[in-house]
Amino acid sequence: MSVYAIRYAERAARRRAALSGPPLVALSALEKRLAINPYGPPATSNRDNSWSAAFAGGFVTYVVSNRHVVINVVDLVAL
C-alpha cells in the first residue's frame with residue numbers, strides 16, 4: 001500500500017506553522033494516520049469530495065487524489 005504525501009494550501013500551511021506544543025504533536029500524529037489511510041478513522045466524509053479529521057486542538061479539511069497519492073489540506077482550524 002502506498003503512503004500518501006500531504007500538501008498544505010497556503011492558508012492552511014500558515015496556520016500549521018503557527019501551531020506549537022501539544023496541538024502540533026497531535027496534528028503530526030494525525031498526519032501519520034491519514035498518510036496511511038485518509039478514509040479511515042478519524043476521517044469524516046463531508047458528502048462532497050472533501051473529508052475532515054479532528055486532532056486535539058483543531059481539525060483539517062482535505063481532498064484526496066488517489067491518482068497522485070496526495071492529500072491536499074485545504075483548511076486547518078485551531079480551536
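Residues numbered from 1 in each chain as written. Predicted model: local features only at pLDDT ≥ 70, side-chain atom pairs only at ≥ 80, totals over all residues. Heavy atoms only, no water.

So, on to the overall build of the chain. The number of helices and strands found in the chain is two helices and five strands. The secondary structure elements of the chain, listed N-terminal to C-terminal, are β-α-α-β-β-β-β. In terms of overall size, the chain behaves like a compact globule, its C-alpha atoms giving a radius of gyration of 12 Å where 79 residues would be expected to give roughly 12 Å. Dimensions of the chain, computed from the C-alpha atoms along their principal axes, are close to 35 × 20 × 20 Å. Looking at the chain residue by residue over its 79 residues, the buried ones come to 35%. When contacts within the chain are restricted to residue pairs at least 6 apart in sequence, those whose partners lie at least 24 apart make up 47%. (Helix = DSSP H or I, 4+ residues; strand = E, 2+ residues; numbered from the N terminus. Rg over C-alpha atoms; globule rule 2.2 N^0.38 Å. Buried < 20%, exposed > 50% of the residue type's maximum accessible area, 1.4 Å probe, protein only. Contact = heavy atoms within 4.5 Å.)

Another aspect to go through is the packing of aromatic side chains. The geometry of an aromatic ring pair is captured by two quantities: the separation of the ring centres and the angle between the planes. Per the counting criterion, the structure on display carries one aromatic pair. The interplanar angle of 65° and the centroid separation of 5.0 Å between the aromatic rings of Y39 and W51 together place this pair among those described as edge-to-face. Here W51 lies in strand β3 (residues 50–55) and Y39 lies in the loop between α2 (21–36) and β2 (44–45), a separation of twelve residues in the sequence. (Phe/Tyr/Trp six-rings, centres within 6.5 Å; stacked < 30°, edge-to-face > 60°.)

Here the residue pair P41 and P42 is connected by a cis peptide bond, since its omega of 5° sits within 30 degrees of zero. Assignment of secondary structure puts P42 in the loop between α2 and β2. A positive phi angle, near 65°, is found at R47, a position not held by glycine. On the secondary structure map, R47 appears in the loop between β2 and β3. If you check the backbone angles, V69 has positive phi at about 55° while not being a glycine. Note on placement: V69 falls in the loop between β4 (58–65) and β5 (70–78).

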